[in-house]
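# Report on the structure
Each chain is listed here by its residues.
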Amino acid sequence: MSTPAEMTIARGGAWLLDSADDAPLFTPERLTDEHRLIARTAAAFVENEAEPALERLEQKDWSVARQLLRRCGELGLIGVDIPEAYGGVGLDKVTSLIVSERFSRSASFAALIGGQANLTVVPIFLFGTAEQKQQYLPRLLSGELVGAYALSETGSGSDALGAKTRATRQSDGSYVLNGEKMWITNGGFADVFIVFAKVDGEQFTAFIVERAFGGVTSGKEEHKMGLHGSSTTAVVLQDVRVPAANLLGEVGKGHKVAFNVLNFGRFKLGAGCVGGAAKALGEAARYAAQRRQFGQPIANFGAIRHKIGEMVVRAYAVESLVYRTAGLIDARIEATPHDPADGSAALAALEEYAIEASIAKVAGSEMLNFVLDENIQIHGGNGFVRDYPAERHFRDARVNRIFEGTNEINRLLIPGMLARRAVKGDLPIIARAKALQDELLSSPSMPAADDSPLADERMAVTAFKKTALMVFGLAMQTYGQQLSEQQEVLMHTADILMDVFAADSAVRRARAALLADLPRASMHADAARVFVNDAAMRVDASARQALAAMAQGDMLRTLLAALRRLSKVTPIDTVTLRRRLADAAVARGAYIFQA
Ligand SMILES: Cc1cc2nc3c(=O)[nH]c(=O)nc-3n(C[C@H](O)[C@H](O)[C@H](O)COP(=O)(O)OP(=O)(O)OC[C@H]3O[C@@H](n4cnc5c(N)ncnc54)[C@H](O)[C@@H]3O)c2cc1C
């Protein structure tokens, strides 16, 4: 099995222009023994230690949260991808993805560790000086210190750079911070905060702030819809004196810290959503097998089989794109000559795959929402009461569509970042879109017949890519510099792009499984085929709406005719395929592709 380092190093967003070749991509089937061992360690920790502690966490007993972090530190699970020099384990991003995925099976605990590992350790590793890393990372990675990330304020959530918290420069080089942060995960008991403030009211800047500096107080715990076992509070900074040595990165460059940390957080959130979906799928499958109505298990009913089959299909697609992204990030880091103790290679890789990270976040959180809603439905009345975990999962997961950048903001970012790369010439999108327009408006060449595995699905994915290019190219041409103001068109474009990346990743993964004759290869193919079948309808619907917003009359008719030629995807018998997937999940009592 290849390691991530052997994956192809592609530019972020390049999948839009790729032909459907068989360039290897990282998939869960390629996990090494070491990855699987860590996955088992993280899963055992969640099952035996985090889950049993949930009730005390929900009672806001933060001494339990501290104990859990310390245990995680002992097991080396806080900093799996941080260099050993700072107390980490020095493994790859795939490892950190697997750990996030396993941790997310216990949502409140996942928020606690996310605030620590993703939101505090990562910014210090990526942007900290050698002294800052030495000072903070070993104690954060051992769980001795608890971290939190304080970006949002009452008046600035999505518009994070609109923060009002102020850092006033002192004559001795230190800063005095004043302001109030909102909704801070671990806010009630954290020792160290990554705080964003404007130096002299203007330059947005990151700082490492210790509660011990004085002047840091936590507000009351928020009454939340879910995640009752995680701390979320306001954090008030009143005349907090921060030494010059605790400036994180450069003055006026806080946005670099904030956005890159979010890139990483988004990719990890996508992985976490796969973990949450896998857990709920197991619950749904087992419940459907044992719950009897009309003299038989409800798992026998087509309506329930449809639901379970669709849950599997959607989880499979997101899992495929999340692992692919992890492989891309690792391959790029490994291909960049760097000192392992230095975060610059990781930083460059995270920036490169920011588009994929946003897709992982949106596609993951919406897939999870669907899976958890159907889990409740399969549980019937039992899904609505607290005796079963289904209702808690649903409440806990809702925030995934809100934090780490709302799904609206991330949807805008996906085509927005691609457009910037196109204009800079990093990706030849404009030339390819123009060539495609010429091809579509004349007579498109028919692709040669192909009888290799999943040939129809590969052709469909190629058509999705062309549709994306047609819509995106026309949007750039029509709106130019004003494209960012056309949010509805951008949202449709984002939806198409997400389906392109998901379908491409799922089909390539399934093809690799078939070509290598892996166990359950035919089920991989079933999942990919159903996903592509339904994606074809979504892509077509989004494209029609976007095109109709940009063109009228003859021009629109010509474009729609071109779209019809592209959208000729013959429907398949998804009933049979979903049934097969559902029956396998019910027989196994689990998500069938569990790595
Ligand atoms: C449980 C929880 C934990 C959190 N943890 C943290 C944390 O640890 N640290 C931290 O700093 N923050 C944290 N947050 C805050 C979170 O990041 C913000 O809630 C989030 O960024 C959204 O900001 P907002 O709530 O101000 O919503 P708003 O920005 O007011 O958005 C409201 C709505 O308007 C939409 N919208 C806003 N701007 C635009 C636009 N330009 N175009 C189109 N639509 C737009 C949004 O998508 C949303 O639908 C947490 C929040 C919660 C609920």
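In this text the structure is predicted, and so the values were computed from the model without any measurement. (Residues numbered from 1 in each chain as written. Predicted model: local features only at pLDDT ≥ 70, side-chain atom pairs only at ≥ 80, totals over all residues. Heavy atoms only, no water.)

## With respect to the packing of helix H8 (residues 302–335) against helix H9 (residues 344–352)
- It is at 9 Å that the axes of H8 and H9 come closest, and there the two elements cross at 140°. Taken together, the axes of H8 and H9 lie oblique to each other. Where H8 crosses over H9, the handedness of that crossing is right-handed. Of the residues in H9, those in contact with Ile329, Arg332 and Ile333 of H8 are Ala345, Ala346, Ala349, Leu350 and Glu352.
- For the contact of H8 with H9, the per-class residue count stands at 6 nonpolar, no polar and 2 charged. (Axes fitted to C-alpha atoms, helices over the stretch in contact; angles between N-to-C directions. Helix = DSSP H or I, 4+ residues; strand = E, 2+ residues; numbered from the N terminus. Parallel < 35°, antiparallel > 145°, perpendicular 65-115°, else oblique. Left-handed = near helix turned anticlockwise from the far one by under 90°. Contact = heavy atoms within 4.5 Å. Nonpolar A, V, L, I, M, F, W, Y, C, P; charged D, E, K, R; others polar.)

## Thoughts on unusual backbone geometry
- Of note, glutamate 404 is a non-glycine position whose phi angle comes to about 60°, a positive value.
- Relative to the elements of secondary structure, glutamate 404 occurs in the loop between helix H11 (390–397) and helix H12 (407–424).
- A positive phi angle, close to 65°, is found at arginine 520, a residue other than glycine.
- Counting through the fold element by element, arginine 520 comes out in the loop between helix H15 (487–515) and helix H16 (521–550).

## So, the site of the ligand
- Close contacts around the ligand come from 16 residues, with Ser152, Ser158, Trp183, Thr406 and Glu408 the closest.
- At 2.7 Å from a nitrogen atom of the ligand is found a side-chain nitrogen or oxygen belonging to serine 152.
- Starting from 970 Å² of accessible surface for the ligand in isolation, the protein chains cover 67%.
- Counting only elements with at least two residues in the shell around the ligand, the list comes to strand S3 (175–185) and H12.
- Its residues assigned to classes, the shell around the ligand comprises 9 nonpolar, 6 polar and 1 charged. (Near = heavy atom within 4 Å. Polar contact = N/O pair within 3.5 Å; in protein donor to acceptor, adjacent residues only side chain to side chain. Areas by Shrake-Rupley, 256 points an atom, 1.4 Å probe, with all protein chains shown as cover.)

## Observations regarding the packing of helix H5 (residues 107–127) against helix H6 (residues 130–141)
- Running from N to C, H5 and H6 point in directions that differ by 160°, and their axes come no closer than 9 Å. By the angle between their directions, the pair H5 and H6 is classed as roughly antiparallel. For the crossing formed where H5 meets H6, the hand is left-handed. When H5 is examined against H6, the residues Gln116, Thr120, Val121, Ile124, Phe125 and Phe127 are found in contact with a partner set consisting of Gln132, Lys133, Tyr136, Leu137, Leu140 and Leu141.

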